[in-house]
Amino acid sequence: MRVIIEEMRKDLKILLAYPVEIAFWIISPLLWVVPLVFQGRALIGGLQSSAFGALAGTSEYIPYVLIGGIFSTYMFTAVWSMGNALRNEMFYGTLEHILSSPVRPLRILLGKALFNSLLSTCFVAVQITICVLFFGLTITLTKILPMVFFLILLMIGLYGVGFIAAALTLLIKEAHGVLHLFEYILFLFTPIRYPVEVHPITRAVSAIIPLTYALVALRGILLGVEFDFARTSLILLGIDMLIVPAGIWIFAAIERRTKQRGTLAEY
Amino acid sequence: MLQTRGIELKNLVKVFKKKKKDEVRAVDGVSFRIAEGELFGLLGPNGAGKTTLIKCLSTLLIPDDGTAIVGGCDVNADPLGVRRKLGVLTGGERSLYWKLTPVENLNYFAALYGVPRSETKERIHYLLELMDLFDKKHERVERLSSGMKQKLSIARTLVHDPPILLIDEPTLGLDPYFARFIRTFIKTELHEQLKKTILLTTHYMDEADELCERIAFMYNGKIKALDTPHLLKKRMPQEQVLEVKCVGDIDDQAFSSMHEYGTLNLSKQDGFTYVRMSTENPEDLLSGVVEIVRDRARVLSVSVTSPTLEDVFVHLTGASLKDDTTQQ
């Protein structure tokens, strides 16, 4: 546990050493969420859309998109931050020193993931506050506990995805292209901006992505859209139980491969 | 074999495959044993396989064949056990977090190496005092000089008080003052006072000669010779070396008529060219060698010296330890 805390503390101190980066984390929640509202207004001219309601189970298009946009932050920070975590250590010149210590790399990655989850939570909290204050989103205290429950289930699964992203970086080094592709695929196949029921393929692929179920649950909780609490949580738990061991296994296999090929510290 | 508390290698092999059927045997059947508390040097030019060997021992590379035991732990079977007993120091500056202070860096690595929380503060205080960095403890690393960064890297390597140290080119890129400090520190503090088992790699022969109790010559992935510096020098068939220091470019072809009289070592350092001819009778060669040099360069000095480890290395391998040299 101490390693994880020290990893988080180290990453925080490095972040604080870059003032522009802090400005980004303060301003970007607003910049991220407002275009979604404007997009909704431009498309449907108000908050309601009956055509949209037939697909999504709720006719409240803007709140639907806002929830998708806000909570997908966790997905994208998991992919990007964990994908780039080892890349940054390569640039610092510290990767080999970390990997020659008696700590399993996954604990270090977990520290980085938790730090980024905390950052994402701050990011999301600011966005929700903006939406509550300016765009009519309502949150009651009774909604917070189930929201946190599903967010924890979501984050566990995302750590599995993050381990895979970190492994990819270890393997191909410059993983920006792949991570972008990963991001676009997630955008395409998860109900962030539209219901995946819009096409049979999106509906099929979305079934294996944890964010899909988390968004169904969060929209259910926040917008009152009907959803099966037990079934959704069990599916999320099941995906977590598959994706986390898969991420760990893939990372270990790729770490071993890089140690065999001597490409660990290569840029 | 597993009882050793030092380091033991047996037929260690590491092969890098580049393309199909194209491979480099970076470590090619290396065997040696380093006793507990010994300061052992691995001397060889760049590309000899020294760093690859260090990476195999520090579990950053998986050997293809052979065994390596570090402090009683097998690098393949028990890599975490190996890592607990090792401290790895490399040359160059990029091994620390530049945006953190020395205290923050050491605190982080103490956590990685499982130094108990109750001992960490005292240990960091001791190391910063030892490395004369206490006044800089709250400065960001990026504001420290290269020498100070290397001192801090040493402190980081020692933070968990490992019994075995792998030190890879420790004075690389340092100015003479800090290079001298690091060498003295390795010999007096780490070796004589703290009794660490040390494997030091270098391509500076003076460094190896000054510091190491035994030296292995490594070239093309193989150990070419292993002995004390004194006994390695005894392997030279000739007991004297004629050295001409000059300014200008000379290639070994110019000395083709002299090969039968001894071993030629032609090297460049700090802008000067050194022609070193190992021979039993330097007086007999003096005029011939000086004449060849004078036709091509400006002679600065002529002297007769004893063979150095570099001469022995050239004699045994036909290659020089320096990058910018030709030899025969």
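If you're wondering where the values come from, they're calculated on a predicted model, not measured in any experiment.

**Observations regarding the nonpolar core**
It is characteristic of soluble globular proteins that their nonpolar side chains tend to be buried jointly. Of all hydrophobic cores here, the largest spans 125 residues; its most connected members are F71 of chain A together with L112, L152, I186 and F217 of chain B. For this core, the leading source of residues is helix α4 (residues 61-92) of chain A, giving 18 residues. When residues of this core are assigned to domains, at least three fall in each of domain 1 (7-232) and domain 2 (235-327) of chain B. For L152 of chain B, the residues in contact, after removing those within four places along its chain, are L96, P102, L106, L128, L133, V141 and L144 of chain B.

**Some words on the packing of α4 of chain A against helix α7 (residues 141-172) of chain A**
Residue and element names in this part refer to chain A. At their nearest, the axes of α4 and α7 sit 8 Å apart, and the two run at 35° to each other. Of the two elements, α4 crosses α7, and the hand of that crossing is right-handed. For the contact of α4 with α7, the residue count by class is 19 nonpolar, three polar and one charged.

**Thoughts on the interface of chain B and chain A**
Often, the extent of an interface is quoted as the loss of accessible area on bringing the components together. With 33 residues of chain B at the contact, the number on the chain A side is 31 residues. Between chain B and chain A the total buried area reaches about 3000 Å² when both faces are included, carbon and sulfur atoms providing 58% of it. A per-residue breakdown of the area chain B buries against chain A is headed by L60, Y97 and L112 of chain B, which together make up 21% of the total. Joining chain B to chain A, the criterion identifies two salt bridges. E104 of chain B is paired through a salt bridge with K13 of chain A; the nearest N and O atoms lie 3.5 Å apart. At the level of elements, β1 (7-19), α2 (79-85), β6 (86-90), α3 (102-112) and α4 (117-130) of chain B are the ones that each hand at least two residues to the side of chain B that touches chain A. Looking at the side of chain B that touches chain A, the element that brings in the most residues is α3 of chain B, giving seven residues. Split by residue class, the side of chain B that touches chain A holds 17 nonpolar, six polar and 10 charged.

**Re the sheet that holds β1 of chain B**
Backbone-to-backbone hydrogen bonds join strands into a sheet, with any given pair of strands oriented parallel or antiparallel. Residue and element names in this part refer to chain B. Taken in spatial order, the four strands line up as β2-β1-β4-β5 in an open sheet, and their pairing is antiparallel. Pairing within the sheet leaves two strands with one partner each, and these edge strands are β2 (22-34) and β5 (73-74). Bridging between β1 and β2 involves 10 bridges; their strand directions are antiparallel. Opposite V13, over in β2, you have D28 as the bridge partner. The strands touched by helix α1 (residues 50-57) are β1, β2 and β4 (65-70); relative to β1, the strand with the most contacts, the crossing angle is about 115°.

**Looking at the domain arrangement of chain B**
Residues and elements named next belong to chain B. Domain parsing of chain B yields domain 1 (7-232) and domain 2 (235-327). The centre of domain 1, based on its C-alpha atoms, is set 33 Å off from the matching centre of domain 2. Across the contact, 18 residues belong to domain 1 and 13 residues belong to domain 2. Around 1300 Å² of area is buried between domain 1 and domain 2 when both sides are counted, 69% of it from carbon and sulfur atoms. D227 is the salt-bridge partner of R235, the closest N and O atoms lying 3.4 Å from each other. Applying the counting rule to domain 1 against domain 2 returns three residue pairs in polar contact (both at pLDDT 80 or more). When contributions to the side of domain 1 that touches domain 2 are tallied by element, the ones reaching two or more residues are α7 (205-211), β9 (214-219), β10 (222-227) and α8 (229-233). Classifying every residue of the side of domain 1 that touches domain 2 by side-chain character gives 12 nonpolar, three polar and three charged.

**Re the packing of α4 of chain A against helix α6 (residues 105-134) of chain A**
Relative placement of two packed helices is described by the angle separating their axes and the distance separating the axes. All names here are of chain A. As a packed pair, α4 and α6 sit with axes 9 Å apart at the nearest point and diverge in direction by 150°. The angle between α4 and α6 places the two elements in the roughly antiparallel class. The two elements α4 and α6 meet at a crossing, and its hand is right-handed. Two secondary-structure elements touch here, α4 through L66, I70, F71, T73, Y74, T77, S81, M82, A85, L86 and E89 and α6 through L109, K112, A113, N116, S117, S120, T121, F123, V124, Q127, I128 and C131. Of the residues in the contact of α4 with α6, the class split is 13 nonpolar, eight polar and two charged.

**Looking at the packing of aromatic side chains**
We describe a pair of aromatic rings using the distance from one ring centre to the other and the angle between the two ring planes. Applying the stated rule across the entire model yields 15 aromatic pairs over all chains. Here the aromatic rings of F150 of chain A and F229 of chain A are separated by 5.0 Å at their centres, their planes lie at 70°, and the arrangement is edge-to-face. With a gap of 79 residues between them, F150 of chain A in helix α7 and F229 of chain A in helix α11 (residues 229-261) connect regions that are remote in the sequence. Classification of F229 of chain A by relative accessible area gives partly exposed; the value is 39%. By the ring-pair criterion, three or more aromatic residues cluster together here, those being Y92 of chain A together with Y97, Y108 and F109 of chain B. Geometry around Y64 of chain A places R219 of chain A over its ring, the cationic atom sitting 3.5 Å from the centre.

Scoring rules and cut-offs
Residues numbered from 1 in each chain as written. Chains lettered and ligands numbered in written order. Predicted model: local features only at pLDDT ≥ 70, side-chain atom pairs only at ≥ 80, totals over all residues. Heavy atoms only, no water. Core = buried A, V, L, I, M, F, W, Y, C linked by side-chain atoms within 4.5 Å. Buried < 20%, exposed > 50% of the residue type's maximum accessible area, 1.4 Å probe, protein only. Helix = DSSP H or I, 4+ residues; strand = E, 2+ residues; numbered from the N terminus. Domains from an automatic or database assignment. Contact = heavy atoms within 4.5 Å. Axes fitted to C-alpha atoms, helices over the stretch in contact; angles between N-to-C directions. Left-handed = near helix turned anticlockwise from the far one by under 90°. Nonpolar A, V, L, I, M, F, W, Y, C, P; charged D, E, K, R; others polar. Buried area = accessible area lost by both parts, 1.4 Å probe. Salt bridge = Lys/Arg side-chain N within 4 Å of Asp/Glu carboxyl O. Pairing = 2+ DSSP bridges. Polar contact = N/O pair within 3.5 Å; in protein donor to acceptor, adjacent residues only side chain to side chain. Parallel < 35°, antiparallel > 145°, perpendicular 65-115°, else oblique. Phe/Tyr/Trp six-rings, centres within 6.5 Å; stacked < 30°, edge-to-face > 60°. Lys NZ or Arg CZ within 6 Å of the ring centre and 35° of its normal.

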